[in-house]
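# Results of the structural survey
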Amino acid sequence: MVEENIFAGLEKILREQNRSEEDIQEIYRAYKFAEKLHEGQYRVSEEPYIIHPVEVAKILATLKVDKHTLMASILHDTIEDTGILPEQLGAEFGEDVLNLVQGVTKLDKYQFKSKEERQAENFRKMFIAMAKDVRVIFLKLADRLHNMRTLNYMAPNKQVRIAQETLDIFAPLANRLGIGKIKAELEDLSLRYLNPEKYFEIAQLVAQKKVERENTVKLLIDEISESLKRNEINAEITGRAKHYYSIYKKMQRLNVAFNDLYDITAVRVIVDTERQCYEVLGIIHSLFKPIPGRFKDYIAMPKGNGYKSLHTSVIGPKQKPLEVQIRTKEMHKVAEYGVAAHWKYKESGSIKVSSEDDIKFSWMNQMIELEKEASNANDFVEKVKLDLFGNQVFAFTPMGDIIDLPQNATPIDFAFRIHSEVGYKTTGVLINGRIAQLDTKLNNGDIVELFTSKTGTPKLHWLKFCVTKQAQSKIRQWFKKHNREEYINTGRNMLEQEITKTVFDENIKNGHLLEIAKILNYVSVEDLLAAVGNGETTLSKVTSKIKKQTEAAEEGQFVSNKKKSSYKDEISGLEGMLYSFAKCCSPVPGEHIVGVVTRGKGVSIHRIDCPSLDTIPEERLMKINWKNDENPHRTYVTSIRIICVDKQGMLQDILSKVVDCSSNIKSIDANTNKAKKVGVIDIGVEVNGIENLNAIINSIQSLPDVHSVKRIQMNSKMKTSLDLKETKKKKAKKKTE
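## Structural notes on the overall build of the protein chain
Assigned secondary structure in the protein chain consists of 31 helices and 23 strands. Summarising the internal contacts of the protein chain: among those between residues at least 6 apart in sequence, 66% fall at separations of at least 24.

## With respect to the sheet that holds strand β22 (residues 678-687)
Read from one edge to the other, the open sheet built from four strands follows the order β21-β22-β20-β23, with strand pairing classed as antiparallel. Because the sheet does not close on itself, it has two edges, and the strands there are β21 (665-673) and β23 (706-712). Ignoring which end each strand starts from, the neighbouring axes of this sheet average 20° apart. Pairing of strand β20 (residues 636-645) with β23 involves six bridges; the strand directions are antiparallel.

## Overview of the sheet that holds strand β12 (residues 434-436)
The strand order across the open sheet formed by three strands is β12-β11-β13, and the pairing between neighbours is antiparallel. Edge positions in the open sheet fall to β12 and β13 (448-452), since each of these has one partner strand only. When the angles between neighbouring strand axes are averaged without regard to direction, this sheet yields 35°. As paired elements, strand β11 (residues 426-431) and β13 share five bridges and run antiparallel to each other. Along β13, the bridge assignment pairs Leu430 with Glu449. Along the sheet face, helix α21 (residues 411-418) touches β11 and β13 and points at about 80° away from the line of β13.

## Observations regarding the confidence of the model for the protein chain
When the pLDDT values of the protein chain are averaged, the result is 78; 80% of them are 70 or greater. The lowest-confidence element of the protein chain is helix α18 (residues 355-360), averaging 41 in pLDDT; the highest-confidence one is helix α4 (residues 67-75), averaging 93. Predicted confidence for residues 107-113 stays below pLDDT 50, and this span has eleven contacts to residues more than four positions away or in other chains. In the model, residues 380-390 has pLDDT below 50 throughout and makes 39 contacts with residues more than four positions away in sequence or in other chains.

## Quick notes on the packing of helix α10 (residues 156-176) against helix α11 (residues 180-194)
When two helices pack together, you describe them by how their axes are tilted relative to each other and by the distance separating the axes. Running from N to C, α10 and α11 cross one another at 160°; their axes reach a closest spacing of 9 Å. If you check the angle between α10 and α11, you find them roughly antiparallel. For α10 against α11, the interelement crossing comes out left-handed. On α11, the residues touching Gln159, Val160, Ala163, Gln164, Thr166, Leu167, Phe170, Ala171, Ala174 and Asn175 of α10 are Ile182, Lys183, Leu186, Glu187, Ser190, Tyr193 and Leu194.

## A look at helix α23 (residues 469-482)
In this model α23 runs 20 Å from its N-terminal to its C-terminal C-alpha over 14 residues, within 8% of the 20 Å that 1.5 Å per residue would give. Here α23 has its buried residues at Gln470, Ala471, Gln472, Ser473, Lys474, Ile475, Gln477, Trp478 and Phe479. Structurally, α23 contributes buried residues whose contacts are with α21, α22 (420-425), α24 (484-499) and α29 (650-660).

## Re the pairing of strand β16 (residues 593-597)
Most of β16 is tucked away: four of the five residues are buried. Relative to strand β17 (residues 603-607), β16 is paired through five bridges, and the arrangement is antiparallel. By the bridge assignment, Gly595 is partnered in β17 with Ile605.

## Structural notes on the pattern of salt bridges
Between side chains of opposite charge, a pair can form as their charged atoms come close. Under the definition given, this model contains 25 salt bridges. Of the charged contacts, one joins Asp222 and Lys218 as a salt bridge, the two residues approaching to 3.1 Å between their closest N and O atoms. Of this pair, Asp222 and Lys218 are both found in helix α13 (residues 210-230), four residues apart, which corresponds to roughly one turn of the helix. Given a relative accessible area of 32%, Asp222 falls into the partly exposed group. Measuring nitrogen to oxygen at the nearest pair gives 2.5 Å for the salt bridge that ties Asp705 to Lys647. Linking Asp705 in the loop between α30 (690-701) and β23 with Lys647 in the loop between β20 and α29, this pair joins segments that are 58 residues apart in sequence. For Lys647, a relative accessible area of 36% puts it in the partly exposed group. One continuous salt-bridge network, built from bridges that share partners, spans Glu591, Arg607, Asp609 and Arg711.

## Considering a positive patch on the surface
Taken together, Lys249, Arg253, Lys296 and Lys303 make up a surface patch of like positive charges. Its location among the elements puts Lys303 in the loop between β4 (296-297) and β5 (310-315).

## Concerning the side chain of Ser309
Among the secondary structure elements, Ser309 is positioned in the loop between β4 and β5. The buried category is assigned to Ser309, whose relative accessible area is 0%. Every residue in contact with Ser309, bar those within four places of it in the chain, is listed here: Lys296, Asp297, Tyr298, Ile299, Gln325, Ile326 and Arg327.

## Things to note about helix α3 (residues 51-62)
Taking 1.5 Å of rise per residue, twelve residues should cover 16 Å, and α3 covers 17 Å from first to last C-alpha, within 8% of that figure. The buried fraction of α3 amounts to nine of the twelve residues, a majority that puts the element mostly inside the structure. Those residues of α3 that sit buried are Ile51, His52, Pro53, Val54, Val56, Ala57, Ile59, Leu60 and Ala61. Its buried side turned inward, α3 meets α1 (5-16), α2 (21-37), α4, α9 (135-149) and α11. At the exit of α3 stands Lys64, carrying a positive phi of roughly 60°.

Conventions used here
- All chains use their own residue numbering, which begins from 1 and follows the written sequence.
- With pLDDT at 70 or above as the cut-off, local features in this predicted model cover only qualifying residues; side-chain atom pairs require 80 or more to be listed or tallied, and sums for whole chains, interfaces and linings still use all residues.
- Computation of side-chain values covers all heavy atoms of the structure but excludes hydrogens and water.
- What counts as a helix is a DSSP run of H or I of at least four residues, what counts as a strand is a run of E of at least two, and both are numbered from the N terminus.
- The contact definition used throughout considers only heavy atoms, calling two residues in contact when any of these lie within 4.5 Å.
- Should DSSP find at least two bridges between two strands, the strands are taken to pair.
- The angle between two axes is taken between their N-to-C directions and runs from 0 to 180 degrees, where each axis is a line fitted to C-alpha atoms and a helix contributes only its stretch in contact.
- One number per residue, pLDDT, summarises how confident the predictor is, and it ranges from 0 to 100.
- Here roughly perpendicular refers to angles of 65 to 115 degrees, roughly parallel to angles under 35, roughly antiparallel to angles over 145, and oblique to all remaining angles.
- Crossing handedness: left-handed means the near helix sits turned counterclockwise from the far one by under a right angle, and right-handed means the same turn made clockwise.
- Multiplying 1.5 Å by the residue count of a helix minus one yields the expected span of that helix.
- Type-normalised accessible area, obtained with a 1.4 Å probe on protein chains alone, sets the label of each residue: buried when under 20%, exposed when over 50%, and partly exposed for intermediate values.
- Salt bridges are counted wherever a side-chain nitrogen of Lys or Arg sits within 4 Å of a carboxyl oxygen of Asp or Glu.
- Patches were defined on residues exceeding 30% relative accessible area and lacking a salt bridge, with like-charge contacts within 9 Å and nonpolar side-chain contacts (Val, Leu, Ile, Met, Phe, Trp, Tyr) within 5 Å.
- For the area figures, the Shrake-Rupley method with a 1.4 Å probe applies, and any residue is considered shielded solely by the protein chains shown.
- By the counting rule applied here, Lys and Arg register as positive and Asp and Glu as negative, while His and the ends of each chain are not counted.
- To locate a charge, the coordinates of NZ of Lys, CZ of Arg, CG of Asp or CD of Glu are taken.

Now the structure itself:
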């Protein structure tokens, strides 16, 4: 019927879905109408503009939406970009199509007093259109998805802005509506532009493991299939890797490397009935050992967006842990298409829902009632308390910028998210135009206006109610810097009262208090006293160290933490043997380790995932373990790499984070890429174990201008910038002499 190449792909999908010839002709008529209006218009990619609305229609066709939604998707940019009047569009295609097109039409051509008003009106329009007719959101999500697929043609600054907005608003919206298919792709595409280094790293690692993963999954599928056939259960079984963004979030949340994740692959079993889901679960648990604490029953307790499935993790073939999802065909349809699987369409294109679905999605209908009560768009944003983004809160600045915060965040968290100086100088706040206390919990849609003063300073009691690590850290840093002498005096008085002034003076004189300061990872006695004074460390921790040290000194057994002999029994399996820690991977307590027998240098201790082990013969490897994973008397040097924004004060902020974690800095190597405005900072830090290291990484990662923080292999030649300068000075001096 249709000869146009642009429309051919959409027509193929429609015919595969057995759409009526009448429907296809109506959709084609909308295409010809839009093609004529968009004639001569091109996208940034230099493709004819009409390609975009047709691609949006293809995405929607996979959701099996009705004819009017597909027609509206092809026409969705005509009012905005071609100058056709709404009345003309309505006369040509009817009120239902017109309402859908108007529901997604942007408001950029209208005049607003401020960005805040524009933002509020856009949100009001989108949410109300969604509440009245959920097809508007299907259209909006499909439009955004195709824009993200072609984002590579945009300028870098626009790529970041659009990707962040997608991750903040549209991916959570797709998740709230249960459309997992679109949510996953939006998240992956957002990650590609917000953190390209991590995106392509994960993509490469997933590709590298593909063959191994497919072999393992095939063995598991074959074994499950045979068992299900014996039990006369028909099932469709597939395996796949999780999408990149979910892998990235899990790596961040657990603070682990890709190779340490054990459930990046999921096997899906689709059966006919709910009863069979539980039968299959029993069969799988009889075949493979289940991993404790990894079973979730979303059938008995579905997610808020209607998702149902059984999840379990088992030790599969080749001792590889794998996740298994078990669901019916109907559950799978809901998991993929969410709300689109629930809603039914009348011939007119309007929507009806069952009583069960009406209750499930009643949160959308409540917005219609709120709009009736609201006097304007800002009033509506104030009233709408939409639980759309789970544990996230999205508040607005007066200029309309979105600030994302965790649940229970306050105006103080909001202020520090904008900038630390704004946080320090905040004196009051207006929330939605009304005076509020600084400990007020923010809600979705709140418009927050901060009052600041040049002489304003943070208050210590803010720590009791602010919830973001960023705000808490900045407040503590400020008080450490400005109240240091006061804290030293307070700490000194507290310690003198506890152990008497005589004992205190003795410990100062014989250097024992300095030893204790270093054991607790403080550079000087003053640092230790300040930490006691500001509550960073406890008085009992210091006094117990003094007591133990005194007892050891009396028995003549006290050994400085600098002497290696006190740590000779830290490794189990190497008693009496000479050993050293490999600089290539710098293992720390809490990590799995292995010994490598060397020629003439004893045993070299490596992390079990050290790349250099690939070339070591198996007969030279020794099974060893840490005896004590939490020995505060012993420190180990390891290296981390920080990728961050190249701006003034960035290095100082990062070093402050390390110091806040009571760790010493052994080396620094900082480089910048001026063209990309990116800084790369390698830091060697002293830690007493993996928990201490993870705390440092998490603390640095909390800085808003830090892109990534990761462990790197130790470079024995790495020096600080100061070391390099000193070396150059010495060389120059020798030449002069």
